Amino acid sequence: MYGEKLVTINNKEYRVWNALDSKLAAALKKGIKDLFVRPEMTCLYLGSSTGTTASHISDIVGKNGCVFCVESAPRVMREFLFLCEERENLVPILADASQPELYKERIIKVEWLYQDVAQRNQVDIFLRNTVMFARKGAYCVLTVKARNIDVKKEPKKVFEEVEHELEKHLKIIAKTTLEPFQKDHMVFVMRY
Amino acid sequence: MVCDKNLRKKNIELSENALRNSVTPDILMIQAVSMFETLDSVQEVIFSKFKEWYGYYYPELERKPGNFIEDVIKDKRPIESLGGVIKGEHKQILLKNARFLKEFSEAKKQIDGYIQESMKKICPNITALAGYVLGLKIIKQAGSLKHLAELPASTIQLLGAEKALFRHLAKKAKSPKYGLLFNHPLVQKAKNKGKAAKLVADKLAICARLDYFKGEFRGEDLRKKIEQKIK
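> Can you walk me through empty space enclosed by the protein in this structure?
A probe matching the size of a water molecule, rolled over the atoms, marks out where space remains unfilled. Applying the stated criterion to the full structure yields 2 cavities of 30 Å³ or more. Taken as a whole, the largest cavity holds about 40 Å³ of empty space. Contributing to the lining of the largest cavity are A:Lys23, A:Asp116, A:Val117, A:Ala118, A:Gln122, A:Thr143, A:Lys145, A:Asn148 and A:His185. Among the residues forming the lining of the largest cavity, the class breakdown is 2 nonpolar, 4 polar and 3 charged. Considering only enclosed or pocket space, the second largest cavity measures out at about 30 Å³ in volume. In this structure, the second largest cavity is lined by B:Lys51, B:Tyr54, B:Gly55, B:Tyr58, B:Pro59, B:Leu61, B:Glu62 and B:Phe68. A breakdown of the residues in the lining of the second largest cavity according to their chemical character gives 5 nonpolar, 1 polar and 2 charged.

Right, dumping it as C-alpha cells:
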C-alpha cells in the first residue's frame, strides 16, 4: 500500500508492519504485548495522516470492523480519501481533533481509540475525545511527543506529568518509549 | 461492529466537500512561488549546460551583448567563428533546445507576473508592506494566509528562524531577532535590525488580518509609519 513488503505464509499474504513507518509497530517491537485492537471492533483514530498506520488497523479489525479517522490537514486527507476507496471499513473525517464538538454527530461510540497528533495540548485533545467517544471499558492508545508539549523540559518530566494527568481518567496498562525508532516519544496503553 | 453504510457515505461526502473548499488562492500562490523557485535554480544549471554545448558551434556569441537565447535562435553565425563545422541533425537539435530554453524563461516570467498580480489582488496590504516576494514567502512559512492572520506579531517576527529559536529554547543560545524579515528593505537599512524587524512584524500582523478578513487598504500607511519610527 505504501511500499511495504509483502510476505506469504501458508498461502496467506501478510503485510510487513514497519516500526520505522508506524509508531504502533514500534511500540510492539519495544515490548508492548497487546494493543487490544481486535477484529470486528469499532475504532477511532485521531491524526491518521495519509493512513499508513490506519491501513494496518483496518486490516486487523477486518471487514466487520470500522475505523473512524480524523485528520485536520486537507493535503494528507486527499491521499487518505483515495485509501478509503479501497478499504470499506475506513471512515474519513476532515476535521480538527481539538474540536470534537464539531464532528460528534459523525462518529458512534468506539471500543478502541488511538491518538497520534503533534499538538502542544495533545493530552487535553485526547482526553476530550475519549470522554466523548470511548465506551466504558474501551482500550485507548496514546503516543506522546515530549518536544511538542515542551521543548524546554526534560522528556522524562513531561512523560511523568502526562502520566499523572492520564491516571485521573484512565487505567494505564502498559507504556514504553520508542527509542531508537522515534526520539522522545512515549506510548501509553490504557483502559477507560 | 460493521460500519453503518449511510454514516460512512455521509462522512465521505462531508470530507470530500471540505477538501474541495480548502483550496484557496493563497495555497495556489504558494505552489506557484515554490515552482518559481525551483525553475529559478534549475535555469542556471540548464543554461550553463546549453552554453557549454553551444560553445562548440559558435563560441563568440556568449561574449556578445544582447539576449543570448534570442540570438541563438536567429542563428547568424559568421563563417570565421572558432566553432566547429556543425550541420544537419547536430545543428537542428541545438536550435530546438534553444527554443525550449526560451519557452522555459517565458514560463518563469509568466509565473512571476501571475504571482505579482494575484498578490496585489488577494493580499494588497501584505504586498504594500513587504513586497510580493517576501510577502508570499512569509505566507508560505506560516502555511496559509489564514494561519498567518492567526499568528501573533512575535511569531511572525521569527518566521523562518525556527531552528535558531528552538536552539535558544532548548539550550542557552541567543534568541534570534529575525527570520525571513531580515530580507525586508527597511530591516536591511536599519541600524538596529532587531527593533526594525519587530516593527515590521507588528504591522505585518495587522496587514495579514486585514487581507484575510478582506478589510480596508492600509498597507501603505503602515509602511510609512515604520519608516518614520526607524528614522
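> Is there a simple way to think about the domain arrangement of chain B in this case?
The extent of an interface is frequently quoted as the accessible surface area lost upon association of the parts. Residues and elements named next belong to chain B. Domain boundaries assigned for chain B yield domain 1 (1–122) and domain 2 (123–231). Put simply, the middle of domain 1 and the middle of domain 2, counted by C-alpha atoms, are 30 Å apart. Taken together, the contacts link 14 residues of domain 1 with 15 residues of domain 2. Roughly 1200 Å² of surface becomes buried between domain 1 and domain 2 when both sides are summed, with 69% attributable to carbon and sulfur atoms. On the domain 1 side of the contact with domain 2, Ile 30, Met 119 and Ile 122 bury the most area, a combined 46% of that side's loss. Across the pair Lys 140 and Glu 37 runs a salt bridge, and its minimum N-O distance is 3.3 Å. Applying the counting criterion to the domain 1 and domain 2 interface returns 5 residue pairs in polar contact (both at pLDDT 80 or more).

> I would appreciate a short explanation of the pairing of strand β4 (residues 66–71) of chain A in the present structure.
Walk down a regular strand and you will see the side chains alternate between the two sheet faces. Residues and elements named next belong to chain A. Counting buried positions along β4 yields 6 of 6 residues, so the element is predominantly enclosed. On β4, burial covers both faces: Cys 66, Phe 68 and Val 70 on one face and Val 67, Cys 69 and Glu 71 on the other are all buried. Tracing the backbone out of strand β3 (residues 42–46), into helix α2 (residues 52–61) and back to the parallel element β4 gives a crossover that is right-handed. Assessed by its sense of winding, the connection that carries the chain from β4 through helix α3 (residues 74–86) to strand β5 (residues 90–94) is right-handed.

Cut-offs applied
Residues numbered from 1 in each chain as written. Chains lettered and ligands numbered in written order. Predicted model: local features only at pLDDT ≥ 70, side-chain atom pairs only at ≥ 80, totals over all residues. Heavy atoms only, no water. 1 Å grid on protein atoms, 1.4 Å probe; cavity = no way out; pocket = protein on both sides within 12 Å on 5 of 7 lines; lining within 4 Å. Points joined across faces, edges and corners; volume = space filled by probe spheres on them. Nonpolar A, V, L, I, M, F, W, Y, C, P; charged D, E, K, R; others polar. Domains from an automatic or database assignment. Contact = heavy atoms within 4.5 Å. Buried area = accessible area lost by both parts, 1.4 Å probe. Salt bridge = Lys/Arg side-chain N within 4 Å of Asp/Glu carboxyl O. Polar contact = N/O pair within 3.5 Å; in protein donor to acceptor, adjacent residues only side chain to side chain. Buried < 20%, exposed > 50% of the residue type's maximum accessible area, 1.4 Å probe, protein only. Helix = DSSP H or I, 4+ residues; strand = E, 2+ residues; numbered from the N terminus. Right-handed = clockwise from strand over helix to strand, strands pointing away.

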